Amino acid sequence: MIENILLNFKNKLLDKDIAFSKIYFEITDINQTYNLETCAITNIQINDKPYLKFKISTESLLEIVEGKKHPEDLMFDEKVKISGDISILS
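Cut-off values and rules
- Residues numbered from 1 in each chain as written.
- Predicted model: local features only at pLDDT ≥ 70, side-chain atom pairs only at ≥ 80, totals over all residues.
- Heavy atoms only, no water.
- Helix = DSSP H or I, 4+ residues; strand = E, 2+ residues; numbered from the N terminus.
- Rg over C-alpha atoms; globule rule 2.2 N^0.38 Å.
- Buried < 20%, exposed > 50% of the residue type's maximum accessible area, 1.4 Å probe, protein only.
- Areas by Shrake-Rupley, 256 points an atom, 1.4 Å probe, with all protein chains shown as cover.
- Lys, Arg positive; Asp, Glu negative; His and termini not counted.
- Charge placed at Lys NZ, Arg CZ, Asp CG, Glu CD.
- Phe/Tyr/Trp six-rings, centres within 6.5 Å; stacked < 30°, edge-to-face > 60°.
- Lys NZ or Arg CZ within 6 Å of the ring centre and 35° of its normal.
- Pairing = 2+ DSSP bridges.
- Contact = heavy atoms within 4.5 Å.
- Axes fitted to C-alpha atoms, helices over the stretch in contact; angles between N-to-C directions.

Novice: In this structure, what is going on with the overall build of the protein? I would like to understand it.
Specialist: When helices and strands are counted, the protein shows three helices and five strands. Relative to a compact globule of 90 residues, whose C-alpha radius of gyration would be 12 Å, the protein shows 12 Å and is just as compact. Dimensions of the protein, computed from C-alpha atoms along their principal axes, come out at roughly 30 × 25 × 25 Å. Within the span of the protein, comprising 90 residues, buried residues form 36% of the whole. For the protein, the computed accessible surface area is about 5900 Å², with 50% contributed by carbon and sulfur atoms. Computed over 11 positive and 15 negative side-chain charges, the separation of the two mean positions in the protein equals 1 Å.

As structure tokens, this is what we get:
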């Protein structure tokens, strides 16, 4: 399920110049980290290089995908944490 959500998200961004290999989603309730490039679980140490990591629960990710919540609303509720280099998105 998480893989499909990330793949759909990635497909919407394919026309952008984004380094997908440097973007990670840490899903807190299942204690797994996914890489956006592969949309699969990764065990790579991400602290050693430029990266962008979103720390989020499955429930919060689904709220965003289903359009029930705006990502900014979840950040203010401290349900989503972002760390790393935000310039990866530009």
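Here the narrative resumes.
Novice: I keep staring at the environment of Asp-15 and nothing clicks. Help me out?
Specialist: Note on placement: Asp-15 falls in the loop between helix H1 (2–12) and strand S1 (23–27). A relative accessible area of 65% means that Asp-15 is categorised as exposed. Spatially, the C-alpha atom of Asp-15 lies 13 Å from that of Ser-90, the residues being 75 residues apart in sequence.

Novice: Which parts of the structure should I look at to understand the packing of aromatic side chains?
Specialist: The description of an aromatic ring pair uses the distance of the two centres, along with the angle that the planes make with each other. Under the criterion given, the structure shown has two aromatic pairs. Both rings, one in Phe-25 and one in Phe-54, keep their centres 5.1 Å apart while their planes meet at 15°; by these two values the pair is stacked. Linking Phe-25 in strand S1 with Phe-54 in strand S4 (residues 52–56), this pair joins segments that are 29 residues apart in sequence. Taken as a pair, Phe-25 and Phe-54 share a single burial class, namely buried. These aromatic residues form a ring-pair network of at least three members: Phe-9, Phe-25 and Phe-54. Its guanidinium or amino end placed over the ring of Phe-20, Lys-10 lies 5.8 Å from that ring's centre, counting from NZ or CZ.

Novice: Help me understand the sheet that holds strand S5 (residues 80–84) in this model?
Specialist: Hydrogen bonds along the backbone pair up the strands of a sheet, which may run parallel or antiparallel. Strand order in the open sheet made by the five strands is S3-S2-S1-S4-S5, with mixed pairing throughout. Since the sheet does not close on itself, it has two edges, and those belong to strand S3 (40–41) and S5, each with one partner. Against the sheet, helix H2 (residues 58–65) engages S1 and S4, with an angle of about 105° to S4.

Novice: How should I be thinking about the pairing of strand S2 (residues 32–35) in this particular structure?
Specialist: Across a regular strand the side chains alternate sides, sitting on one face of the sheet and then on the other. Judged from the four bridges that link them, S1 and S2 form a sheet pairing that is antiparallel. The residue of S2 that forms the bridge with Phe-25 is Tyr-34. The loop that links S1 with its antiparallel partner S2 comprises four residues; one of these, Asn-31, has a positive phi angle of about 55°.

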